[in-house]
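Inside the fold
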Amino acid sequence: MALRPVPGMRWLLFSVSGRLSRRTYAWALLFWALSLGITVSAAVNAPDDSTSLALAGLGFILVCLTGAWSVAVMSIKRLHDAGLPGMLVIGLVIPAASFLVLLAIMLWRPDKGPNRHGPASDQPGY
């Protein structure tokens, strides 16, 4: 029998199990936006042809890749909280619709009480 994930930062940012509330989802998106902003700021303020510019670029790439995975995973959990299938997260990769899909995922009302994805919001699933 598989062990249930323990709620924490690793579960929040990188696990598809469970459900995620609107507020937690919004805070996590803000975290990734700030992380991306810090790396962009470091790259902009680095002198040309320097090691710090190369490190800032590497940091930007790492934050982008990690953040993209994390936002997809958190969006799946947010869809689970609304009782919707996680496959709807594919809408985030459609350039013309991604912002509207992200907004819809954030604002969609959650299921009251337990559903097939977990007992309550902000908790790992079954």
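Here is a short report on the structure shown in this document.

Each value, and the rule that gives it
Along each chain, residues carry numbers from 1 onward, in the same order as the chain's sequence is written. At least 70 in pLDDT is required for a residue's local features to be given in this predicted model, at least 80 for side-chain atom pairs to be given and counted, and no such filter applies to totals for whole chains, interfaces and linings, which use all residues. Excluding hydrogens and water, the side-chain values take into account all heavy atoms of the structure. Put simply, DSSP marks the helices as runs of H or I at least four residues long and the strands as runs of E at least two long, and each gets a number from the N terminus on. Think of it in three bands: with a 1.4 Å probe and only protein chains considered, a residue is buried below 20% of the maximum accessible area for its type, exposed above 50%, and partly exposed in between. To estimate the expected span of a helix, count its residues, drop one, and scale the result by 1.5 Å. Contact between two residues is taken to exist if any of their heavy atoms lie within 4.5 Å; hydrogens are not considered. Any carboxyl oxygen of Asp or Glu within 4 Å of a side-chain nitrogen of Lys or Arg constitutes a salt bridge here. In this analysis, rings of Phe, Tyr and Trp, with Trp reduced to its six-membered ring, are considered paired at centre separations within 6.5 Å, and the interplanar angle assigns stacked below 30 degrees, edge-to-face beyond 60, and tilted for intermediate values. Should the NZ of a Lys or the CZ of an Arg lie within 6 Å of a ring centre and within 35 degrees of the ring normal, that charge is described as sitting over the ring. Patch membership is restricted to residues that have no salt bridge and whose relative accessible area is over 30%. Joining uses 9 Å for like charges and 5 Å for the nonpolar side chains Val, Leu, Ile, Met, Phe, Trp and Tyr. Accessible surface is estimated by sampling points in the Shrake-Rupley manner with a 1.4 Å probe; for residues, cover comes only from the protein chains shown. Within this scheme, the nonpolar core is defined by two criteria: the residues are buried Ala, Val, Leu, Ile, Met, Phe, Trp, Tyr or Cys, and they are joined through side-chain atoms within 4.5 Å.

Unlike most non-glycine residues, D49 shows phi in positive territory, near 55°. Following the sequence through the fold, D49 ends up in the loop between α2 (22-45) and α3 (51-81). A residue is classified by how much of its surface remains accessible, and D49, at 82% relative accessible area, is exposed.

With that out of the way, let us pick up α2. End to end, α2 covers 34 Å across 24 residues, agreeing with the expected 34 Å (1.5 Å per residue, within 8%). Burial in α2 covers these residues: Y25, A28, L29, W32, S35 and T39. In this structure, the buried residues of α2 make contact with α1 (9-14), α3 and α4 (98-107).

All right, on to the pattern of salt bridges then. A complete count under the given rule lists two salt bridges for this structure. Of the charged contacts in the structure, one is a salt bridge between D81 and R78, with a shortest N-O distance of 2.8 Å. Here R78 and D81 lie together in helix α3, a separation of three residues that amounts to about one turn. Taking the relative accessible area as the measure of exposure, D81 reaches 0% and is therefore buried. When salt bridges that share partners are traced, they join R19, R78 and D81 into one network.

The next point concerns the packing of aromatic side chains. A complete count under the given rule lists one aromatic pair for this structure. Between F31 and W32, the ring centres sit 5.0 Å apart and the planes meet at 65°, which makes this aromatic pair edge-to-face. Classification of W32 as buried rests on a relative accessible area of 11%. It is K77 that lies over the ring of W11; its NZ or CZ is 4.1 Å from the centre.

Looking now at a nonpolar patch on the surface. The grouping of L36, V40, V44, F60, I61 and L65 at the surface amounts to a nonpolar patch, some 520 Å² of accessible area in total. Mapped by element, the contributors of at least two residues to the nonpolar patch are α2 and α3. Position of V40 relative to the elements: it lies in helix α2. Relative accessible area serves as the criterion here: at 37%, V40 is assigned to the partly exposed category.

The next thing to look at is the nonpolar core. Among the nonpolar cores identified, the biggest contains 16 residues, and L13, L20, Y25, W32 and M74 are the most heavily contacted of them. Listing elements by their share of this core, those giving two or more residues are α1, α2 and α3. Of all the elements, α3 adds the most residues to this core, at five residues. Those residues in contact with Y25 that lie beyond four places of it in its chain are L20, M74, S75, R78, L102, I105 and M106.

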